[in-house]
Amino acid sequence: MRPPSPSIPEKEFLFTALKQSLRLDGRSPLELRPPVLSFGPELGWVECALGKTRVIAHVDAKMVKPPPERPFEGIITIHSEISPMASSEYEIGRPSEEEITITRMLDKVLKRSDAVDKESLCILAGQRVWHLRLTLHCLADAGNMLDCACLAGIVALKHFRRPDVEVIGDEVTVHPASERAPIPLSMHHTPFCLTFAFFPDPETSPVLDPSQLEQRLSAGLMSVALNAQRELCVVQKLGGVPLSTDEVLRIVNVAVIKAKELDQLVDTRLKEDWAGRNVELI
Amino acid sequence: MSTVVLPGQHVPAQHVNLKLGPGLLQSTGSSSGDASTAPSIIATRAGTLNHSANRSKWWVENNSRRYVPAAQESVIGVIIQKAGEGFRVDIGSAQPASLDGLAFEGATKRNKPNLKIGTLVYARVSLAHKDMEPELECFDAQTRKAEGFGDLKGGFLVRCSLAMCRQLLDSKHFLLPLLGARFPLEVAVGVNGRVWVTAKDVREIIGIARCIEAVDPDGGGMDEAGVMDFLRTLGL
């Protein structure tokens with residue numbers, strides 16, 4: 001069941017508060033909810049929380065025969081499960097427009113931006129490649145699930161390590177983690193997705209990382225995916241209020257700063273986790 | 001005093017004038033067929049078992065997010081549709097409730113309130129049956145006076161867990177007196193997990209909303225000292 005749209009007092013209050021640059025959770029307009037990353041016992045298992053929005057990402061790898069048209073490339077598939085567990089507005093078997101947007105955007109940010117070097121996933125040309133399967137479970141939706149899912153996905157890929165393989169002639173030997181240290185995936189870059197919400201009143205400034213109420217009352221969302229090296233991967237804006245070029249550039253500049261912050265946060269968290277793990281692996 | 005019960009468990013509730021609250025059911029048609037035995041009471045949901053001082057009223061208390069309507073409870077709803085003589089109202093339950101156009105103070109056939117879609121109303125559940133859609137009323141059926149019910153203008157709607165809004169209704173709970181001592185505010189608490197608040201300033205309303213969220217057992221469960229510090233950081 002789709003929940004009814006927010007009531008008139010909620011709408012009016014949110015707009016008056018935003019006009020004074022006040023947000024309901026006490027953030028400033030261009031402030032991200034601090035992402036909380038927690039890692040599971042397995043490599044490649046990450047839970048990402050942005051406020052009350054929570055997504056679990058999990059990566060696993062298996063060996064498959066590559067398709068004949070791409071014999072040198074590994075395969076990555078993304079399974080995003082947006083179940084009614086996240087919010088009562090999602091239904092099983094009948095994806096809403098919003099769900100499709102999230103799924104396609106995840107595909108663009110995590111797969112088509114070439115974050116993972118697919119050729120490094122090749123073991124034996126035409127015979128054996130790694131098939132990476134990234135599963136995203138949305139546990140709770142309190143707004144901006146897309147950014148949370150993208151962050152969870154990219155951190156899971158960075159956290160994951162595949163078992164070492166040895167190729168002698170046509171013989172492939174897989175070394176378990178107890179024998180040889182697993183190898184991290186070779187990543188070209190780390191894209192981050194940042195979503196901005198715009199409001200009907202032109203004087204209200206756009207807000208970063210909208211909450212559920214803000215997202216529902218917004219007059220348009222714009223998602224920007226980019227990495228800390230200022231390389232823009234995806235810009236998505238589906239309808240909504242018209243924006244001038246200056247405005248878009250301003251938003252991209254804000255996104256660059258935030259992407260750098262996120263990059264640092266992810267790196268420190270991954271290092272912390274790896275430092276705690278090294279002991280048990282060797 | 002507080003024992004945990006699970007659905008299906010027998011509850012030792014006995015009184016001449018026994019009143020059962022939410023979560024308890026008197027099981028009828030006992031297999032023994034012995035008329036002299038006292039009616040057996042079973043719990044229908046998990047939670048802590050409570051009873052009044054003279055053991056005549058019993059109920060099960062638990063924390064959930066989905067509201068199940070029960071008669072005589074005050075709720076806050078959003079008008080989602082006009083239906084003939086009345087309105088359909090979303091109160092957060094499985095089905096929308098119906099609110100008759102004549103169930104307002106001073107409403108007559110000629111003079112009915114004209115509420116827009118999206119208006120918030122504070123109402124009482126007048127009928128809650130598991131097989132029918134719940135019915136609301138915005139007045140006291142005996143006196144036909146509003147008694148504080150009706151549409152809520154302005155302000156903001158805070159959503160919280162069901163345990164939190166029951167706590168807010170408790171006059172001994174610290175939060176609302178604490179906030180009220182600092183600035184004037186107006187609150188309507190619905191037991192369906194919605195609290196309508198208003199104050200003079202936008203900052204104050206945001207402050208109330210954030211305090212309720214912080215004190216909510218679902219999202220932190222801050223105590224009185226914590227709220228004092230929190231209000232200081234908000235500058236209220």
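Quick caveat, the model's predicted, so the values are computed rather than measured. (Residues numbered from 1 in each chain as written. Chains lettered and ligands numbered in written order. Predicted model: local features only at pLDDT ≥ 70, side-chain atom pairs only at ≥ 80, totals over all residues.)

## Examining the packing of helix 2 (residues 97-112) of chain A against helix 3 (residues 145-159) of chain A
Residue and element names in this part refer to chain A.
Inference 1: Contact pair helix 2 / helix 3: the axes reach a minimum separation of 10 Å and the direction vectors enclose 35°. For the element pair helix 2 and helix 3, the recorded crossing hand is right-handed. Residues Ile102, Met105, Leu106, Val109 and Leu110 of helix 2 form the contact with helix 3, whose participating residues are Met145, Leu146, Ala149, Cys150, Gly153 and Ile154. (Axes fitted to C-alpha atoms, helices over the stretch in contact; angles between N-to-C directions. Helix = DSSP H or I, 4+ residues; strand = E, 2+ residues; numbered from the N terminus. Left-handed = near helix turned anticlockwise from the far one by under 90°. Contact = placed C-beta atoms within 7 Å.)

## Observations concerning the nonpolar core
Inference 1: Counting residues in each nonpolar core, the largest one holds 114 residues, and the members touching the most others are Cys48, Val55, Ala149, Cys150 and Ala152 of chain A together with Val121 of chain B.
Inference 2: With 11 residues, helix 3 of chain A is the single largest residue contributor to this core.
Inference 3: Built from parts of two domains, this core gets at least three residues from each of domain 2 (74-152) and domain 3 (156-234) of chain B.
Inference 4: Residue contacts for valine 55 of chain A: discarding those within four places in its chain leaves Cys48, Leu136, His137, Cys138, Leu139, Met145, Cys148, Ala149 and Ala152 of chain A.
Inference 5: Of all hydrophobic cores here, the second largest spans eight residues; its members include Val5, Ala13, Ala43 and Leu49 of chain B. (Core = buried A, V, L, I, M, F, W, Y, C linked by C-beta atoms within 7 Å. Buried ≥ 20, exposed ≤ 12 C-beta atoms within 10 Å, placed from the backbone. Domains from an automatic or database assignment.)

## Remarks on the confidence of the model for chain B
Inference 1: Chain-level statistics for chain B give a pLDDT mean of 88 and a share of 95% at 70 or above.
Inference 2: In the model output, the complex is listed with pTM 0.87 alongside ipTM 0.86. (pLDDT = per-residue confidence, 0-100.)

## Topic: the sheet that holds strand 11 (residues 192-198) of chain A
Residues and elements named next belong to chain A.
Inference 1: In spatial order, the strands read 12-11-13-14; together these four strands make up an open sheet with antiparallel pairing. Each edge of the open sheet is held by one strand with a lone partner, namely strand 12 (207-208) and strand 14 (232-237).
Inference 2: One ladder, built from two bridges, connects strand 11 with strand 12; its direction is antiparallel. Paired with alanine 197 across the strands is valine 207, a residue of strand 12.
Inference 3: Where helix 2 meets the sheet, it contacts strand 11, strand 13 (220-226) and strand 14, and its direction lies at approximately 165° from that of strand 14. (Pairing = 2+ DSSP bridges.)

## Here's the deal with the environment of valine 191 of chain B
Residue and element names in this part refer to chain B.
Inference 1: Turning to its location among the elements, valine 191 is positioned in the loop between strand 15 (185-190) and strand 16 (194-199).
Inference 2: Taking the C-alpha atoms as reference, valine 191 lies 19 Å from threonine 44; in sequence the two are 147 residues apart.
Inference 3: Excluding anything up to four places from it in sequence, valine 191 contacts Glu73, Ser74, Val75, Leu162, Cys165 and Arg166.

## Structural notes on the UniProt feature "domain: K Homology" (unreviewed entry) in chain B
Inference 1: Feature annotation in UniProt assigns "domain: K Homology" (unreviewed entry) to the following positions: residues 155-202 of chain B.
Inference 2: In this annotation, residues 155-202 of chain B is assigned 35% helix and 33% strand; the end-to-end C-alpha distance for the span is 9 Å. (UniProt positions renumbered as here; feature names shortened; annotations may be inferred.)

## Topic: the interface of chain A and chain B
Inference 1: Chain A puts 13 residues into the contact, and the matching count from chain B is 18 residues.
Inference 2: In terms of residue class, the side of chain A that touches chain B is built from seven nonpolar, five polar and one charged. (Nonpolar A, V, L, I, M, F, W, Y, C, P; charged D, E, K, R; others polar.)

## A word on unusual backbone geometry
All names here are of chain A.
Inference 1: Of note, the phi angle at aspartate 114 is positive, near 60°, even though the residue is not glycine.
Inference 2: With a phi angle near 55°, aspartate 209 is a residue other than glycine that sits in the positive phi range.
Inference 3: By the element assignment, aspartate 209 lies in the loop between strand 12 and helix 4 (212-217).
Inference 4: Residue class for aspartate 209 comes out buried when judged on the 27 C-beta atoms lying within 10 Å of it.

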